[in-house]
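What follows is each chain in one-letter form.
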Amino acid sequence: MEIFINELSLKGQFGDLNELETAITRFNEIFSVAKGMNQILSNQFLLNYKAIRESLLNQVINRIDRDESLKFKRIVFNQAISWQDEEHRKHSEDDIFFCDALNDIVTDTTIAEAAERQLIGDSTIKRLIVNFIQSDFQTSIHIIKNDKQGIEIDCIETKEEFEKWLDFPNISDLFGISANRINDLIKRKLTHIFFKRVDTPKIIGEQMHIHLHDEDASALNIDGSWKHGGCDIPTEAKQILIGWGFKITG
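Attention here is on the structure that accompanies the text. (Residues numbered from 1 in each chain as written. Predicted model: local features only at pLDDT ≥ 70, side-chain atom pairs only at ≥ 80, totals over all residues. Heavy atoms only, no water.)

### Examining unusual backbone geometry
Logical step 1: Of note, Asn-146 is a non-glycine position whose phi angle comes to about 55 degrees, a positive value.
Logical step 2: Note that Asn-146 resides in the loop between strand E9 (140-145) and strand E10 (149-156).
Logical step 3: Unlike most non-glycine residues, Lys-189 shows phi in positive territory, near 60 degrees.
Logical step 4: With respect to the helices and strands, the residue Lys-189 is situated in the loop between helix H6 (179-187) and strand E11 (195-199). (Helix = DSSP H or I, 4+ residues; strand = E, 2+ residues; numbered from the N terminus.)

### Regarding the pattern of salt bridges
Logical step 1: Summed over all chains, the structure comprises 15 salt bridges.
Logical step 2: For Asp-136, the salt bridge is made with Lys-11, and the minimal N-O distance between the two is 3.9 Å. Placement of Asp-136 in the loop between strand E8 (127-130) and E9 and of Lys-11 in the loop between strand E1 (2-5) and helix H1 (17-34) is noted, with a sequence separation of 125 residues between them.
Logical step 3: The partly exposed category is assigned to Asp-136, whose relative accessible area is 39%.
Logical step 4: Close ionic contact of Glu-160 with Arg-26 constitutes a salt bridge, the shortest N to O distance being 3.1 Å. (Salt bridge = Lys/Arg side-chain N within 4 Å of Asp/Glu carboxyl O. Buried < 20%, exposed > 50% of the residue type's maximum accessible area, 1.4 Å probe, protein only.)

### Considerations on the side chain of Asp-214
Logical step 1: Along the chain, Asp-214 turns up in the loop between strand E12 (209-212) and strand E13 (219-221).
Logical step 2: Among buried Asp, Glu, Lys and Arg side chains, Asp-214 stands out as unpaired, with Lys-196 the closest opposite charge at 6.7 Å.
Logical step 3: Residues in contact with Asp-214, not counting those within four places in the same chain, are Phe-194, Gly-230 and Cys-231. (Lys, Arg positive; Asp, Glu negative; His and termini not counted. Contact = heavy atoms within 4.5 Å.)

### A few points about the sheet that holds strand E7 (residues 104-105)
Logical step 1: Overall, mixed pairing links the eight strands, which are arranged E5-E2-E1-E8-E10-E9-E6-E7 in an open sheet. What marks the edges here is a single partner per strand, and that holds for strand E5 (81-82) and E7.
Logical step 2: Note that strand E6 (residues 97-99) and E9 share three bridges and pair antiparallel. In the sheet register, Phe-98 faces E9, and the bridge partner there is Ile-144. (Pairing = 2+ DSSP bridges.)

### Considering the pairing of E9
Logical step 1: What you see with E9 is a clean split: Ile-141, Ile-143 and Lys-145 sit on the buried side and Ser-140, His-142 and Ile-144 on the side with no burial.
Logical step 2: Summarising the sheet, E9 and E10 pair through six bridges and their orientation is antiparallel. Bridging from a neighbouring strand, Ile-141 pairs with Ile-153 of E10.
Logical step 3: The hairpin turn running from E9 into E10, its antiparallel successor, is three residues long, and Asn-146 in that turn takes a positive phi close to 55 degrees.

As structure tokens, this is what we get:
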């Protein structure tokens, strides 16, 4: 799954710090559910977009509840990657991407990047745009590339909308997560492709362990030891395993 944070959904719509805090809390709730999903992509200049009327987000984010502010920063700076990095960027600044909702050109924005990936990428990968509340966007975003190709991408603003979009009941407590729920994520292709399945203990002394897609068909115990095999785990997969309660020793 690819999840895109839409900086254009910040337009100075919040009247004061209380409204901004509510918006950030709702945003954080979405990513408490999204933790463990494959990839989060963001604009590296997200904090330079308007939050409270004429104030930029980076000017006011430290003035809201400290816990919510720290959660938000962990998402933006630690979990999300910048699609502007050369190794990640897919869309060209030479192409014209037009957004119906804004009646404007959105080339070199996150939603243009999402549209290009939707157009040329793997059709089995699910893509979703996350907006801040009270934005100009509805349940989907329609993008036209170079006046020819129309691209539709789903979008949400709240945790409840995300859970409904995933069609995954009781998803709010994924971590401290059961083997059944992890296996459901794997089956639905909502987590890293490196994971094959999770098994629970069947004999005395055995641990919960996860089987991996590597050459040796390795399996990692929840305490970080190898049940069998052993391999280099991709960085993104490590972060997900840690969120699920697995210890990573290397």
